[in-house]
Amino acid sequence: MQREQVSIPKIILYILLLAVVFALQSSLSRSFVVRGFQLDLLPCFVAAAALLDGPAEGVIMGLAVGVFYDVGFIGVDGIYPIFFLIFGLIAGSMSRLTLSRNYLSMVLLTGAEMILLGLARFFAYLLPMKGASFPLVLQQVLGGALLSCIFCFIVYWPMSKISRRFDTR
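Residues numbered from 1 in each chain as written. Predicted model: local features only at pLDDT ≥ 70, side-chain atom pairs only at ≥ 80, totals over all residues. Heavy atoms only, no water.

Novice: Is there a simple way to think about the side chain of Ser163 in this case?
Specialist: Within the element layout of this structure, Ser163 appears in helix 7 (residues 153-165). Side chain to side chain, Ser163 and Asp53 meet in a polar contact 2.7 Å long. In this structure Ser163 touches Lys10, Tyr14, Leu52, Asp53 and Arg101, once residues within four positions along its chain are discounted. (Helix = DSSP H or I, 4+ residues; strand = E, 2+ residues; numbered from the N terminus. Polar contact = N/O pair within 3.5 Å; in protein donor to acceptor, adjacent residues only side chain to side chain. Contact = heavy atoms within 4.5 Å.)

As structure tokens, then:
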């Protein structure tokens, strides 16, 4: 098995882009609501890194996105880094075997990630609080996933430019 080379400057640029999007998304959170659905672009970074660069970058960006989620006090400490780390590993492995490095694959990965994240949130946080309606939560999950899929080009385009600049293949 050949060891994969990770470009540190590329990862630094990815994390800087993540920090900018996180700052914008956090400070302008009311502006990112469309018809009651919240736009969340942070998970798109994991999907893009895994798709464009493979499992190693997917894991690193998954960990970084999870830490940003924890810094933003979005959930229980430590759950999001683990979720995104595992998703980055699986998505990166899938991108090597079955997915092409194009925008349609990015949309599919983002949609799957957002649905899995929404369902994980439901079962971890809302289900124990009796009274959470699954159809209502599912509507929010699917609406948020659709919104993230529509706007994932905001993350995919600059990350694909960065990836191509540092591509050694």
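Having put the structure on the table, let's press on.
Novice: Whenever I open this one, the environment of Gln5 confuses me. Can you help?
Specialist: Position of Gln5 among the secondary structure elements: in the segment before helix 1 (8-27). Taking the C-alpha atoms as reference points, Gln5 and Tyr103, separated by 98 residues in sequence, lie 24 Å from one another.

Novice: I keep staring at the packing of aromatic side chains and nothing clicks. Help me out?
Specialist: The geometry of two aromatic rings is summed up by the distance between their centres and the angle between their planes. The tally for this structure, following the rule as stated, stands at eight aromatic pairs. Seen in terms of ring centroids, Tyr69 and Phe84 are 5.2 Å apart; in terms of plane orientation they differ by 35°. Their pairing is tilted. With Tyr69 in helix 3 (residues 55-71) and Phe84 in helix 4 (residues 79-97), this pair connects stretches of sequence that are 15 residues apart. In this structure, Tyr69 and Phe84 share a single accessibility class: buried. Summarising the aromatic geometry, the rings of Phe151 and Phe153 are spaced 6.3 Å apart at their centres and angled 35° between planes, so their arrangement reads as tilted. (Phe/Tyr/Trp six-rings, centres within 6.5 Å; stacked < 30°, edge-to-face > 60°. Buried < 20%, exposed > 50% of the residue type's maximum accessible area, 1.4 Å probe, protein only.)

Novice: Whenever I open this one, helix 1 confuses me. Can you help?
Specialist: Since the α-helix turns once every 3.6 residues, residues separated by three or four places project in the same direction. A rise of 1.5 Å per residue sets the reference length of helix 1, with its 20 residues, at 28 Å; its end C-alpha atoms lie 28 Å apart and thus fit the reference within 8%. Buried residues belonging to helix 1 abut helix 2 (42-53), helix 3 and helix 7. (Expected span 1.5 Å × (residues − 1).)

Novice: Looking at this model, I keep getting lost on the packing of helix 3 against helix 4. Mind explaining?
Specialist: To describe two helices that pack against each other, one gives the angle between their axes and the distance between the axes. The N-to-C vectors of helix 3 and helix 4 enclose an angle of 155°; their axes lie 7 Å apart at closest approach. Comparing the axis directions of helix 3 and helix 4 gives the class roughly antiparallel. Two packed elements cross with a definite hand, and for helix 3 against helix 4 that hand is right-handed. Touching Pro55, Gly58, Val59, Gly62, Leu63, Val65, Gly66, Val67, Tyr69 and Asp70 of helix 3 are Tyr80, Pro81, Phe84, Leu85, Gly88, Leu89, Gly92, Ser93 and Arg96, all from helix 4. Across the contact of helix 3 with helix 4, the residue classes break down as eleven nonpolar, six polar and two charged. (Axes fitted to C-alpha atoms, helices over the stretch in contact; angles between N-to-C directions. Parallel < 35°, antiparallel > 145°, perpendicular 65-115°, else oblique. Left-handed = near helix turned anticlockwise from the far one by under 90°. Nonpolar A, V, L, I, M, F, W, Y, C, P; charged D, E, K, R; others polar.)

Novice: Where do I start with the pattern of salt bridges in this structure?
Specialist: Where side chains of opposite charge bring their charged atoms close, a pairing between them can arise. On inspection of all chains with the given rule, the structure shows four salt bridges. A salt bridge links Lys10 to Glu57, with the shortest nitrogen-to-oxygen separation between them at 3.7 Å. With Lys10 in helix 1 and Glu57 in helix 3, this pair connects stretches of sequence that are 47 residues apart. As far as the burial class goes, Lys10 and Glu57 line up, both buried. (Salt bridge = Lys/Arg side-chain N within 4 Å of Asp/Glu carboxyl O.)

Novice: Explain unusual backbone geometry here, please?
Specialist: Most peptide bonds adopt trans geometry, and most residues besides glycine take a negative phi value. Phi angles above zero are rare outside glycine, and Arg35 is one such case at about 55°. With respect to the helices, strands and loops of the structure, Arg35 is situated in the loop between strand 1 (33-34) and strand 2 (37-38). Overall, the relative accessible area of 81% leaves Arg35 in the exposed class.

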